[in-house]
Amino acid sequence: MFSPATRPNECVNRTLSSLYDVVVYGSCGAGFAAAVQAGRDGLKVLLIEPGPRIGGMTTNGLGATDIGSPRAIGGMAREFYERIFEHYEAPGSWWFESREEYLPKHPLSVKDDDRMHFFFEPSVALAMVTQMLEEAGVEVITGVGLDRTASLQFEGSAIRAIPLKGGTVVSGRFFVDASYEGDLMAMADVPYIVGREGNQQFGESLNGFRPQPVEDTAHVDPFRVIGNPSSGLLPGIEEAPDLSAGQGDSRVQAYNFRLCLTDVRDNFVAIEPPADFDPAGHEVVIRHLLAKGDCATFPFFKRTPMPNRKTDSNNHGAFSTDFVGGSHAWAEATDEERCALWQQHKDYMLGLLWSLGHDPRIPEAQRAEVRRWGLARDEFAETDNWPPQLYVREARRMVGDYVVSENDCRGTSFAPDSVALGSYAMDSHQVSRFVDQEGRLRMEGGFWKSCQPYAISYRAIIPPKGSCPNLAVPVCLSATHAAYGSIRMEPVFIMLGQAAAAAILLALEESAALQDLDYMRLRARLEDLGAMLNAPQVSLK
């Protein structure tokens, strides 16, 4: 097992500097960007990745980048995707197909006017992240996480040192929590929320409990024995919750893995069922297929083309690779509990692909199409060709002095202290499956609403004034569930991570708390770095 929650369980086994200017915890887009920018600024930087692989989802299978408006991408994010473009311009980067053969497969794969490439292999993204960190002189450690059973060391309200598993303590002047879970933020007692606010709290329409139309799922019988409620519910289906539409709760949208599949037999690892395979866990998908016939979403997982005849295979539709209902405990779980949840998500996806390829109730032509795809042998070789990073779409969210809401995304509110732009649609995957009072299967939680580019406030990536003056939180930032559905994209994380590092440099120069910075100085610094800050100047065209 290669869960990032449990694989690292030993001492760093190296001598660390007595004091770092910047300690970055978590290496997703925000983490590596913050580390690279701080290194380029001449600071002494340590990047800590609790899992075995740096780069977060950018290097763990999410190659089909969710970009919104390309014009909203600036600074280091633009640089990163330009480097990807340059890589794929070289003929030597193509093994199983040519660039000319690939480009027609996805019309948005290359924006030739911008020279940015948003679709790439995990190994290529890993090479780019590694190169940028090395160029910036960043010290990197992997495979060791926070010891969340211990305590941080403080000087007043400022963090001075953090404990890692195995007894190592890392001291720093400033810290960046770039984990998907917000573990460092939580240990620092920064206020946060897990779940969905009620719509009334911020005047939103997409938040809280959100039942989907009954016709979307009522064709699937939810009981173990069809038509027999006394037989019990199928796995993953719950009794109807005692919630009204728009009411808040503590649940989050579903997770999955972004698999890198291929149909090239020479680069192919066949899908095998999990050790504890239970066909009942995928019966809702099979019943959906049998009820709808040859429906448009078959085989229920995306095969978005990546270069070299690989895919980014994501969830597709209401019955797919998302392990609906399996995400709720993740944010606050112990490392051991996260390990079990990680394995449950992997087992669900393996079992789903196996069922779709082998269940005799599915016509052979359709089963054969599923079996045509296998794990890419030349990706994730160190973890049996499976991405180690679970796609944690949402966990904790800080509650800061500015909370980005649906109103920002819709353009009815405007943050005057922009540090980056969001532009992707407000997007939440399903949250739960339940049986309504009439015994019909229902789903709830999903939405996808487009928005124009909007400003993300500086105050959303730092704790509220008076709380932890030397911590930036560019991933689990201050936003409602509805707004976070738009912000949570890797290009935005890269831009927010760079903004956090830019703010830290100024705070070091001024011996100031992050909350006390002169925003106009920060804005000038970000503009020098090529950041896009003015939403009205950006369009979706």
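Within any chain, residue numbers begin from 1 and follow the written order of that chain's sequence. Per-residue local features are limited, in this predicted model, to residues with pLDDT of at least 70; the limit for side-chain atom pairs, both in listing and counting, is 80 or more; totals at the level of whole chains, interfaces and linings are taken over all residues. Only hydrogens and water are removed before side-chain values are computed, so all heavy atoms of the structure are retained for them.

Our next topic: the overall build of the protein. Each helix and strand counted, the protein has 13 helices and 25 strands in total. At 23 Å, the protein has a C-alpha radius of gyration in line with the 24 Å of a compact globule built from 541 residues. Taken along the three principal axes of its C-alpha coordinates, the protein extends 70 × 55 × 50 Å. Categorising residues by exposure relies on relative accessible area from a 1.4 Å probe, with only protein chains included: less than 20% of the type maximum marks a residue as buried, more than 50% marks it as exposed, and the intermediate range marks it as partly exposed. Taking all 541 residues of the protein together, 62% fall into the buried category. In the protein, the proportion of contacts linking residues at least 24 apart, taken out of those at least 6 apart, comes to 77%. Strands are runs of DSSP state E lasting at least two residues, helices are runs of H or I lasting at least four, and both sets are numbered from the N terminus onward. Note that the radius of gyration is over C-alpha atoms, with the globule rule given as 2.2 Å times the number of residues to the power 0.38. Should any heavy atoms of two residues lie within 4.5 Å, those residues are counted as being in contact.

A cavity here means a set of 1 Å grid points, computed over protein atoms only, where a 1.4 Å probe fits but cannot escape. A pocket is an open set with protein on both sides within 12 Å along at least 5 of 7 lines, and lining residues have an atom within 4 Å of a point. Grid points are joined across faces, edges and corners, and a volume is the space filled by probe spheres set on the points. Estimated volume of the largest pocket: approximately 820 Å³. Around the largest pocket, the lining is made up of 43 residues, and of these D66, K302, Y424, D427 and W448 lie nearest the centre. Of all the elements in the fold, those that place two or more residues in the lining of the largest pocket are β20 (426-428) and β23 (447-449). Split into classes, the residues belonging to the lining of the largest pocket amount to 15 nonpolar, 16 polar and twelve charged. In this structure, the second largest pocket occupies an estimated 330 Å³ of space. Residue type decides the class: Asp, Glu, Lys and Arg count as charged, Ala, Val, Leu, Ile, Met, Phe, Trp, Tyr, Cys and Pro as nonpolar, and the leftover types, Gly among them, as polar.

Within the element layout of this structure, A472 appears in strand β25 (residues 471-472). It is 6.1 Å that separates the C-alpha atoms of A472 and A500, two residues lying 28 residues apart in sequence. For A472, the residues in contact, after removing those within four places along its chain, are F175, V176, D177, I461, A500 and L514.

Our next topic: helix α12 (residues 490-510). Helix length check: α12, at 21 residues, gives a terminal C-alpha distance of 30 Å against a target of 30 Å (1.5 Å per residue), a fit within 8%. For α12, the buried fraction is high: 19 of the 21 residues fall into the buried class. What a helix should span is 1.5 Å times the count of its residues minus one.

All right, on to the packing of helix α2 (residues 75-89) against helix α4 (residues 122-135) then. Orientation is described by lines fitted to C-alpha atoms, with helices fitted over the stretch in contact, and by angles between N-to-C directions that extend from 0 to 180 degrees. Running from amino to carboxyl end, α2 crosses α4 at an angle of 125°, the nearest separation of the two axes being 10 Å. If you check the angle between α2 and α4, you find them oblique. For α2 against α4, the interelement crossing comes out right-handed. Together, M76, E79, F80, R83, I84, H87 and Y88 of α2 and V124, A125, M128, V129, Q131, M132 and E135 of α4 make up the contact between the two elements. Class assignment for the residues of the contact of α2 with α4 results in nine nonpolar, two polar and three charged. Should an angle fall under 35 degrees it is taken as roughly parallel, and over 145 as roughly antiparallel, whereas 65 to 115 is taken as roughly perpendicular and any remaining angle as oblique. It is the rotation of the near helix from the far one that decides the hand of a crossing: anticlockwise by less than a right angle makes it left-handed, clockwise makes it right-handed.

In this structure, F80, I162, L356 and L514 are the most contacted members of the largest nonpolar core, which totals 164 residues. In terms of residue count, the dominant contributor to this core is α12 (15 residues). Leaving out residues up to four positions away in the same chain, L356 has contacts with V285, I286, F298, P299, F300, F301, I362, R367 and V370. In this text, buried Ala, Val, Leu, Ile, Met, Phe, Trp, Tyr and Cys residues form a nonpolar core when linked through side-chain atoms within 4.5 Å.

Only one rule defines a salt bridge in this text: a Lys or Arg side-chain nitrogen within 4 Å of an Asp or Glu carboxyl oxygen. Throughout the structure, instances matching the rule amount to 45 salt bridges. As a salt-bridge pair, D21 and R173 come within 3.1 Å of each other at their nearest N and O atoms. Of this pair, D21 sits in strand β1 (residues 20-25) while R173 sits in strand β8 (residues 169-177); the two residues are 152 residues apart in sequence, bridging distant segments of the chain. Residue classification places R173 among the partly exposed residues on the basis of a relative accessible area of 38%. Here K105 makes a salt bridge to E97, at a shortest N to O gap of 2.7 Å. With relative accessibility at 39%, the residue K105 sits in the partly exposed group. Taking the relative accessible area as the measure of exposure, E97 reaches 7% and is therefore buried. The structure contains a network of salt bridges with shared partners spanning R148, K165, D183, E332, D335, R338 and R396.

Here the focus is the side chain of D408. Mapped onto the elements, D408 comes out in helix α10 (residues 406-410). A polar side-chain atom of D408 sits 2.5 Å from a polar atom in the side chain of Y402. Those residues in contact with D408 that lie beyond four places of it in its chain are Y402, V403, S413, F414, A415 and Y454. Here a polar contact means two N or O atoms within 3.5 Å. Within protein one must be a hydrogen donor candidate and the other an acceptor candidate, and residues neighboring in sequence count only if both atoms are side-chain atoms.

Our focus in this paragraph is the sheet that holds strand β21 (residues 432-435). One open sheet holds the three strands; their spatial order is β12-β21-β22, and the pairing between them is mixed. Edge strands, defined here as strands with exactly one partner in the open sheet, are β12 (237-239) and β22 (441-444). Adjacent strand axes in the sheet meet at a mean angle of 40° when their direction is disregarded. Whether two strands pair comes down to DSSP finding at least two bridges between them. Sheet topology places β21 next to β22; four bridges connect them, and they run antiparallel. Residue pairing across strands places V435 opposite L441, the latter belonging to β22.

Quick look at the pairing of β22 now. Alternating positions in β22 separate into two faces, L441 and M443 on one and R442 and E444 on the other, with burial throughout. Between β21 and β22, which pair antiparallel and follow one another directly, the connecting turn spans five residues, one of which, G439, has a positive phi of 80°.

For the rest of this paragraph, the subject is the side chain of D322. Examined against the element boundaries, D322 turns out to sit in the loop between β16 (310-312) and α8 (335-358). Using a relative accessible area of 3% as the deciding quantity, one classes D322 as buried. Within polar-contact distance, the side chain of D322 engages the side chain of R393 at 3.1 Å. Once residues within four sequence positions are removed from consideration, D322 is found in contact with A254, Y255, N256, N315, Y348, R393 and H429.

Turning next to the state of the cysteines. We call a pair of cysteine sulfur atoms a disulfide when they lie within 2.5 Å. For the structure on display, the rule yields zero disulfides. As a non-bridged cysteine, C260 has C28 as the owner of its nearest cysteine sulfur, 20 Å distant.

Attention now goes to the packing of aromatic side chains. Here a ring pair, both rings aromatic, is described through the centre-centre distance and the interplanar angle of the planes. Pairing of aromatic rings covers Phe, Tyr and the six-membered ring of Trp, with a centre-to-centre limit of 6.5 Å; geometry is then stacked below 30 degrees between planes, edge-to-face above 60, and tilted otherwise. By the definition in use, this model includes 15 aromatic pairs. Here Y81 and F118 contribute two aromatic rings whose centre-to-centre distance is 5.1 Å and whose plane-to-plane angle is 45°, an arrangement assigned as tilted. Of this pair, Y81 sits in helix α2 while F118 sits in the loop between β4 (116-117) and α4; the two residues are 37 residues apart in sequence, bridging distant segments of the chain. Both residues of the pair, Y81 and F118, count as buried. These aromatic residues form a ring-pair network of at least three members: F32, F80, Y81, F118 and F120. Sitting over the ring of F85, R99 keeps its end group 5.7 Å from the ring centre. Any Lys NZ or Arg CZ that is within 6 Å of a ring centre and within 35 degrees of that ring's normal is treated as a charge sitting over the ring.

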